[in-house]
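Coordinate analysis (summary)
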Amino acid sequence: MNGFLRRELLKHRYGEYADLVHWRDQAAAEAIMATVGTSSECIAYLALMDMDGVDPAEGVRHCASLAAYSAT
């Protein structure tokens, strides 16, 4: 998908999950969110999640990266 950089699947010790997706910029993130309901790739991916009838877009938050740190 245009603008996609990487994704991380995070698990909280109490069993909750977060899917952290990194995009090139806000515009790329917004563009995919506009097509998530009609994209066969997105629909197939979301079908793998146990959403308990929750609209996937309901849990989406867009955040800006303020800094990145690395050991290298």
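What comes next concerns the included structure. The shown structure was predicted, so the numbers you read here are calculated from the model rather than taken from an experiment. (Residues numbered from 1 in each chain as written. Predicted model: local features only at pLDDT ≥ 70, side-chain atom pairs only at ≥ 80, totals over all residues. Heavy atoms only, no water.)

For Ser70, the location among the structural elements is in the segment after helix H2 (40-47). Residue class for Ser70 comes out exposed when judged on its relative accessible area of 57%. Sequence-wise, Ser70 and Tyr14 are 56 residues apart; in three dimensions their C-alpha atoms are separated by 27 Å. (Helix = DSSP H or I, 4+ residues; strand = E, 2+ residues; numbered from the N terminus. Buried < 20%, exposed > 50% of the residue type's maximum accessible area, 1.4 Å probe, protein only.)

Looking now at the packing of aromatic side chains. A full pass over the atoms with the stated rule returns one aromatic pair. The ring of Tyr45 has Arg7 sitting right over it, with the charged end atom 4.3 Å from the ring centre. (Phe/Tyr/Trp six-rings, centres within 6.5 Å; stacked < 30°, edge-to-face > 60°. Lys NZ or Arg CZ within 6 Å of the ring centre and 35° of its normal.)

Below, the discussion takes up the pairing of strand E1 (residues 4-11). Direction of pairing for E1 relative to strand E2 (residues 17-23): antiparallel, over a ladder of seven bridges. Bridged to Leu10 within E2 is Ala18. Hairpin geometry of E1 and E2 is characterised by an intervening segment of five residues between the two adjacent antiparallel strands and by a positive phi of about 95° at Gly15. (Pairing = 2+ DSSP bridges.)

We now examine the pattern of salt bridges. For the coordinates displayed, the defined rule picks out three salt bridges. Its salt-bridge partner being Arg7, residue Asp19 comes within 2.5 Å of it at the nearest N-O pair. With a gap of twelve residues between them, Asp19 in strand E2 and Arg7 in strand E1 connect regions that are remote in the sequence. Taking relative accessible area as the criterion, Asp19 reaches 28% and is therefore assigned partly exposed. Residue Arg7 is classed as partly exposed on the basis of its relative accessible area of 39%. (Salt bridge = Lys/Arg side-chain N within 4 Å of Asp/Glu carboxyl O.)

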